[in-house]
Amino acid sequence: MRKFIYLCSHLCVQVPLLPIAVLTVIPLAVCPSWRPWGAADIPVLGNPGVGQWIVIIVVAYTIIDTVRGMIDDLRHGRVGVDLLAVVAIAATVAVQEYWASWAVVLMISSGEAIEEYAQSKAESSLTALMTAAPQTAHVVRRPGVGVVGVNTGDGSSDDRGDGFRKVAALPSSAASGSSDAATSRYDTVAVESVTPGDVLIVLPGETVPVDGELLSGSATLDLSNINGEPVPRGVFAGARVMSGAVNGSTTLTMRATEAASDSQYQRILALVAAAQDSRPAVVKTADVLAVPFTVLALAIAAVAWLVSGVPTRFAQVLVLATPCPLLIAAPVAYVAGTGRLAKSGILIKTQDVLENLGRVTHVFFDKTGTLTVKQPQVTRVEMLPGAGTHLNEDHVLMMAGVVETYSVHILAKGIAKAGTEALSRLHRRFEEGQRLCPQPDADWSGHGRDYPVVKHIDEDAGKGISGEVNGHKVRVGRLSFAASSEDGFLPVERIVPGWATTDGDRRSGKQGEGRLADEIRTRFGMLAPDEMASYVSVDGHLIARIVLRDVPRANAKSALASLRGLGVAKLSMLTGDKRSSAAIIASEVGIDDVHAELFPEDKVTAVTTATVTPSRGVTMMVGDGVNDAPVLAAADIGMAMTDGTSTAASESAQVVILNDDIAAVPRAIAIARRTKRVMLQAVLAGLALALIGMVAAAFNLIPVVVGAFLQEAIDVVSILWALTALLDRD
């Protein structure tokens, strides 16, 4: 009930004519013909009573306000087509049908209210993004914290000249070690006042105000506002913290790296604002089509008057003439579609993109990071035959993963992820009672430890990384690096007993190492064209290799199948990777057209060629990387897949997927097609009903008062039908 009362009061504030029109019915019903001034005929109007004069005054105000709105529309380049309403309401007064006049005024005011409600309902998902924008920030004001060399305001600087700031004396409470004093020394300022370098406090449950770097040891952030990620993400010191993320249950400290206007959430809001302000071509066309509809309605009304000879017939027709299905239903449907996309984690930069999305016939995909996961993933662990180790694959993954956690190599994240999963499996086996370890000391496998003890990490760029895990020396990387001892030489006889059979082989230097590497690879077996490997040694013994490859996204194949089900005629892959690797991924996800070994300019050429082909339909490029930015701009529609962070790809794309989910590609097309379908249904149904009503009124089948309310019903049906674009029926 409260919600209903709030809605009514809000609509009355937005459309003040509505409560006036409603209250006008009282004097019109109670004293329509009361004339305390006696007889006083006025041309056209006659001698209206008090109640009728009140209606006339309200009608005059409505006409003036409507004409003013039409002029304003023309000034902004839009066609003002409220002429029908003005003529209809004036005609009802001229023929002294005051109840019809009141009904038309009520129709106009309630129509505005319905439009306001429909727009707010359609924009609900977009409005939710806007209202969640952070407005304030807590800037830390502790001694020594802040930007060096800040002007104090009196012409002097607090920079001492040695790179350090002057530090004011602490209050007695802080000097005594009060924790409250330590945590309360911040000022709450407008988010626009935050500058890069400021240290901020974000309290539990608050929204991160600007992009920055986490200074706290760890934090839990809800990123659902940014990328739709359903599960809060744990981050650690040094991690990037994005504006719009909601802090968890503990206070975090961060350093601002961007001003508010340049932060991630504000970029998202800029995209939303641009989409709201834009008008798709089909809506502009609907505005133009409203003009011939107006001419047709006036023609039917004039013919009805001339044929019947009854002036009232003119008003009867016009009160049923409503261009609202064109003027309101069309834009409401498109705004609703834009809102549905936003709710699904898909942002568009203009509403024209929504229209074009529904006409896509050819989709190009980047391979790495778009069709596949962003880093190579571990597919298997191969133990070296004859190595004589007691370790199994999980032990190898756990030790290698722990060491690779500290590496920046492209394969490191995949191995570290697999290592974490292996550690969990070892823990489960330990909890289930398995205590059999390869050595009397359980440190070998890591059983019983929450996390292994890691020491002496050392990375040799381009070769590998080494470290000590639970007291055992682990080397991970290239074969030559993993197989060598700490002095860099290969202990041949110890690794491959019996291989070096002659002194010449032992002294052959690089040639010997090459033959050794070939021998070891032969013992492991050959790698597939799209596979790569990291080799692992423990305590100087080469024991295994970890095989990785580009792995298709789990839902890539089903997403592409959905595109085909939507009637997308052609799917292509564009990649700079080797042809053999690209062919394997293409066959796994179901793409036949593969363009491999391409530079960025080659990708642009491929898309441009398809774009200029006659009868081509609409082309769309889907990518995620910086090198995809040129080709995204070249396609009719560029779609960037991101996890909510800002990249060159999302800057040059017209559509941005915030949740890094390839299933959003067919979903976006499905939403766009349904939006246009609903819009056409609402417009055509509304216009058809209005046309039928006008013809019936021309034959005097619908009284003027009934016609006014019937016209309102047609508007409501058309607008509500347009709002069904919000429903998830794809």
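Remember, predicted model here, so these are calculated numbers, not experimental data.

Novice: Please set out the sheet that holds strand β9 (residues 252-256) residue by residue, giving values where relevant.
Specialist: Strands sit in the order β2-β1-β3-β9-β4-β7 across an open sheet of six strands; the sheet is antiparallel. This sheet does not close on itself; its edge strands, each paired only once, are β2 (186-190) and β7 (240-241). Bridge count between strand β1 (residues 136-140) and β2: five bridges; the pairing is antiparallel. Among the inter-strand pairings, A137 is bridged to a residue of β2, identified as V189.

Novice: Tell me about the nonpolar core, and name the residues and values.
Specialist: Within the largest apolar cluster, 99 residues are counted, with the highest numbers of intra-cluster contacts made by L357, F365, I591, M620, M639, I662 and V665. Tallying contributions element by element places helix α27 (residues 664-698) first for this core, with 15 residues. For M639, the contacting residues outside a window of four places in its chain are L357, M620, M621, V622, G623, L632, A653, V655, I657, V665 and A668. By size, the runner-up hydrophobic cluster in this structure holds 25 residues, among which are V403, L423, A544 and L548.

Novice: Help me get a handle on the pattern of salt bridges, residues and values and all.
Specialist: Where side chains of opposite charge bring their charged atoms close, a pairing between them can arise. In this structure the tally under the stated criterion is 14 salt bridges. Across the salt bridge formed by D550 and K367, the nearest N and O atoms sit 2.7 Å from each other. Taken as a pair, D550 in the loop between β17 (541-549) and α22 (556-565) and K367 in helix α15 (residues 367-371) lie far apart in primary sequence, 183 residues in all. Comparing D550 with K367 shows no difference in burial state: the two are buried.

Novice: Please set out helix α13 (residues 324-343) residue by residue, giving values where relevant.
Specialist: Across its 20 residues, α13 extends 27 Å between first and last C-alpha, which sits within 8% of the 28 Å expected from 1.5 Å per residue. The buried fraction of α13 amounts to 18 of the 20 residues, a majority that puts the element mostly inside the structure. Downstream of α13 by one or two residues, G345 has phi in the positive range, about 80°.

Reading the values: the criteria
- Residues numbered from 1 in each chain as written.
- Predicted model: local features only at pLDDT ≥ 70, side-chain atom pairs only at ≥ 80, totals over all residues.
- Heavy atoms only, no water.
- Pairing = 2+ DSSP bridges.
- Helix = DSSP H or I, 4+ residues; strand = E, 2+ residues; numbered from the N terminus.
- Core = buried A, V, L, I, M, F, W, Y, C linked by side-chain atoms within 4.5 Å.
- Buried < 20%, exposed > 50% of the residue type's maximum accessible area, 1.4 Å probe, protein only.
- Contact = heavy atoms within 4.5 Å.
- Salt bridge = Lys/Arg side-chain N within 4 Å of Asp/Glu carboxyl O.
- Expected span 1.5 Å × (residues − 1).

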